[in-house]
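A structural walkthrough
One-letter residues, chain by chain:
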Amino acid sequence: MEQRKNNFTSLLLYSLKNKRNWFLLSTVIVLITTILIPFILGIKDTFFIILGIVEVFVLVFVNCLVDNSFLHNDSKLTYYKSKPFSFRNQIFINIINNHVLTGFLLLLILLSALVQNNGINDIDVFEIYKVVIPWLSVGIFLSALSSILSGNTVAAGLMTIFNFALPGIFYLIIYFVFSILEDLVIGFSARVLMEYFVDVFYKLEYIYFVVYSYSRTIDALYFVILGLIIALITFLITKMVKKRKNENTGSFMVFDGYKYFVAVLASLIIPAFFAVETYGSVASKMIVVLLLITLSYYIIIAIMEKAFRISKLSVKVFLVSMAAFIVLTVTTVLIANPYKNTVPDPEDVKAAYIGNNRWQHTEISRIIKHEGGLSDEKLSEIETYYRNRDIILFTDKGNIESITRMHKELLNNQSYDGQDVYMNSIVINYYMNDGSTLVRDYSIKNNDSTGNAKKDEIASDILKSEELKNKRFFYLYDENFYQRNKNIIKLRLRNDNGVYSPDDYINVDQIRPYLIKDIDEMFKNNSDRAFAALNNYNFELPRYKETQYIEVSIINEANSPKEFYQTFYLDDRFADTKEFLGIE
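The structure reproduced in this document is the subject of the present report.

Within the fold, S402 resides in helix 17 (residues 397-412). Beyond its immediate chain neighbours, meaning those up to four positions away, S402 contacts I458, D461 and I462.

What follows is the structure, given as structure tokens:
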């Protein structure tokens, strides 16, 4: 046992000694690009440090492939077989060597950052290293595993990248399934489903350690995750090197099972992107997706088998894999389908949103998860945050009931003719009293007016509500807010050419009653194409003719993350305001 240990140590030291040229070359490359070139140019920029980190990835990647290339050459395999050490020990010696090289290069980058004085001021190298170090370490182990599974060095390089991206590929395929669900079950959003799945089950940001970049300190979980990943890869290396069919050296893949695994997953990547990023009828998309999957699989297998006529086994594997994928997708649809008609009782809803904004739900969901619910205090903070973005959360039971009525109408009919206003979709979010959420996203069928009347009627009720006016124009209607903040409420008259008002700022006290009067009349009579206005970001139809407008800004408002900004386009709806300003 002691003799084996001594032999392993001796071989490790000998191997490190033989890598001195790699160490020298890598040192020269890193120091020239991160210190010498910036010094000659007289530039101290974080770009060169980032470039150095990229170079470390490239140098380590190439070195790993070179070290393990003996697995892809018959003469080298024969030579290493004659040694007293097994392939497994040689592979782990290479892994240790590459970790030593990696540590050395990362120290050089840190030295370069300190020389440039960027390590503290412009870029925090240690923060970047929290992600870079596990990526490099896992990459070294994956390169060894990929070299065992592959029959040549080029394939080993490609498979190293593929294996590293495997969690992301699974993410894309799951998103693919949810996108099919979105097309088949109205109201369901692939994006929202994916966010929930990742947040609850599939912790991708932890798998890739990105959660630790600039937002979280290294903790015990960091080392547990890294240890589990490395342990899994080490286990696979140990098993696969014993089962490796060296007679397949020179082929694309050594293991047939792994070849089919790669081919099936890779054949889903392009169709998944197509399904997620394109629009069209469900039938046409599914036909194109199936064609793309079949074509992709055939091309990948043909390349791996080096033949245009693929084997019967490859065809069987494809058919079984597609059957499994279809069963998974159909099962997902069947599970979701009973919930598509769910409309909550208004009394059970704390707040609701309706409009075209999809990203606001993500932020609110994080708050609800962190707080364990949506308290009145937290809801007030959220409303203050979102009013700067023309996003309104409705809490009045009358408006929540109107939103549920709109929800039921959309279940029956998703058509609406917005005339010159194109509508893609409308989002409805419910935030329940018990802390749960219900999210629906309905695609709108344009140029079909059969659903206009009912939708406009319900939307008009929401637009005419006191709550919408009070929340959207809070700086005019909320007397307490107005009296406390009127000194920081700034109004300017502008046109397309810039500032128009000769007096710069308009007197807020004087113009306020005219604006309130016009707004009251505007919402009181707002029924024509009300659904299109409700779905617009500022609850108004787009205006194209009027060039004059009032710009409203509230500077340094308490609890506001930025300056509030809003505009009033002075069309015929603002007759009293225009008369006050002397505009015809």
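Our focus in this paragraph is the nonpolar core. I91, F162, F176 and I237 are the most contacted members of the largest nonpolar core, which totals 83 residues. Sort the elements by how many residues they give to this core and helix 6 (residues 125-149) lands first, with 13 residues. With near-sequence residues (within four places) excluded, I91 lies in contact with N68, F70, L71, A144, I148, I237 and V241. Membership of the second largest hydrophobic core comes to 55 residues, among which are I400, V421, L491 and A533.

Put simply, helix 12 (residues 256-277) and helix 14 (residues 312-336) touch, their axes get as near as 11 Å, and they point 55° apart. Considering the angle they form, helix 12 stands oblique to helix 14. Regarding helix 12 and helix 14, the two cross each other, and that crossing is right-handed. Seen from helix 12, the contacting residues are Y260, V264 and L268; seen from helix 14, they are L313, S314, V317, S321 and M322. Split into classes, the residues belonging to the contact of helix 12 with helix 14 amount to 6 nonpolar, 2 polar and no charged.

Glancing now at the side chain of T577. Locating T577 in the fold gives a position in helix 24 (residues 575-581). For T577, a relative accessible area of 0% corresponds to the buried category. The contact partners of T577, leaving out residues within four places of it in the chain, are I511, Y514, L515, D518, I550 and L570.

This next bit is on the layout of surface pockets. If you add up the space inside the largest pocket, you get close to 1300 Å³. Taken together, 40 residues form the lining of the largest pocket, with V192, E195, Y196, F197 and D199 sitting closest to its centre. For the lining of the largest pocket, the secondary structure elements donating two or more residues are helix 8 (166-184), helix 9 (190-200), helix 10 (204-207), helix 14, helix 15 (360-371) and strand 3 (437-443). No other element matches helix 9, which puts 10 residues into the lining of the largest pocket.

This part is about the pattern of salt bridges. Across all of its chains, the model carries 14 salt bridges by this definition. One salt bridge in this structure joins E467 and K471, with 2.8 Å as the shortest N-O distance. Residue E467 and its partner K471 are located together in helix 19 (residues 466-472), separated by 4 residues, close to a single helical turn. For E467, a relative accessible area of 10% corresponds to the buried category. Connected through shared salt-bridge partners, D256, K259 and E305 make up one network.

Rules behind the numbers
- Residues numbered from 1 in each chain as written.
- Predicted model: local features only at pLDDT ≥ 70, side-chain atom pairs only at ≥ 80, totals over all residues.
- Heavy atoms only, no water.
- Helix = DSSP H or I, 4+ residues; strand = E, 2+ residues; numbered from the N terminus.
- Contact = heavy atoms within 4.5 Å.
- Core = buried A, V, L, I, M, F, W, Y, C linked by side-chain atoms within 4.5 Å.
- Buried < 20%, exposed > 50% of the residue type's maximum accessible area, 1.4 Å probe, protein only.
- Axes fitted to C-alpha atoms, helices over the stretch in contact; angles between N-to-C directions.
- Parallel < 35°, antiparallel > 145°, perpendicular 65-115°, else oblique.
- Left-handed = near helix turned anticlockwise from the far one by under 90°.
- Nonpolar A, V, L, I, M, F, W, Y, C, P; charged D, E, K, R; others polar.
- 1 Å grid on protein atoms, 1.4 Å probe; cavity = no way out; pocket = protein on both sides within 12 Å on 5 of 7 lines; lining within 4 Å.
- Points joined across faces, edges and corners; volume = space filled by probe spheres on them.
- Salt bridge = Lys/Arg side-chain N within 4 Å of Asp/Glu carboxyl O.

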